[in-house]
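# What the coordinates show
Each chain, written out:
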Amino acid sequence: LAPLIVFDMIVPRSLAAGGVIAVLAALGLHWFFNHSRSGLAMSAVAEDHQIALSMGISVRRSIAFAWALGGVLSVVTAMVYLSGKSLTFLSSEIGFAALPVALLAGLESIAGLLLAGLIVGIVQGLTSAYIDPLIGGNAAAVVPYIFMLVVLVVRPTGMFGWKRIERV
């Protein structure tokens, strides 16, 4: 299949399909955790097990469902990421890119992951285009971590994380 041409960019169809699947999955998870009974119960369990138990929420069932959901999402992600590729040690690069994205977004924000992923991708792309040729190295792999550290110093819960309210 011929790649898509968007302005001056050549985008492989598998990459475009992966982007659509990622956006749909993120929006679906955002809806699930903010509007469904099971998602709200899982959020309550993540916040505090004792309070969730006192509200009648099964902590064991919520944790089991979270693991199952994580497994399904991991399989779908691997299928999208590796479509047409073989599994090598270079495939681990997605794990190294996922940590700054998750911490930048804030661990509670599913919708923030889309924006954080876009920011990290743009920062990596600009770094590899403009800084890597100057220093002759792979700064694009390190810059998202530096960017993440700067943001976490200013906002410890990430860009879209919940603000903690402490009552005394």
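Before going further, it helps to spend a moment on unusual backbone geometry. Positive phi is not limited to glycine here, since Phe7 has a value of about 55°. Relative to the helices and strands, Phe7 resides in the loop between β1 (4–6) and β2 (9–11).

Summed over all chains, the structure comprises two aromatic pairs. For the ring pair Phe32 and Phe33, a centre distance of 5.1 Å and an interplane angle of 75° mean the geometry is edge-to-face. Judged by its relative accessible area of 17%, Phe32 falls in the buried class. Residue Phe33 is classed as buried on the basis of its relative accessible area, which comes to 19%. A centroid spacing of 5.9 Å and a plane angle of 45° characterise the contact between Phe32 and Phe65, whose relative ring orientation is tilted. Here Phe32 is found in helix α1 (residues 13–35), whereas its partner Phe65 is found in helix α4 (residues 59–81), with 33 residues between them in sequence. You can call Phe65 partly exposed: its relative accessible area is 38%. Pairwise contacts between aromatic rings join Phe32, Phe33 and Phe65 into one cluster.

About the thresholds
The residue numbering used here restarts from 1 in each chain and proceeds along that chain's sequence as written. Confidence filtering applies because this is a predicted model: local features only for residues at pLDDT of at least 70, side-chain atom pairs given and counted only at 80 or more, and all residues used for totals across whole chains, interfaces and linings. With hydrogens and water set aside, each side-chain value is computed from the structure's full complement of heavy atoms. Helix and strand assignments follow DSSP, with helices taken as H or I runs no shorter than four residues and strands as E runs no shorter than two, numbered in order from the N terminus. Two rings from Phe, Tyr or Trp (for Trp, the six-membered ring) form a pair when their centres sit within 6.5 Å of each other. Planes less than 30 degrees apart are called stacked, planes more than 60 degrees apart edge-to-face, and all others tilted. Exposure classes here rest on a 1.4 Å probe applied to the protein chains alone. A residue is buried below 20% of its type maximum, exposed above 50%, and partly exposed in between.

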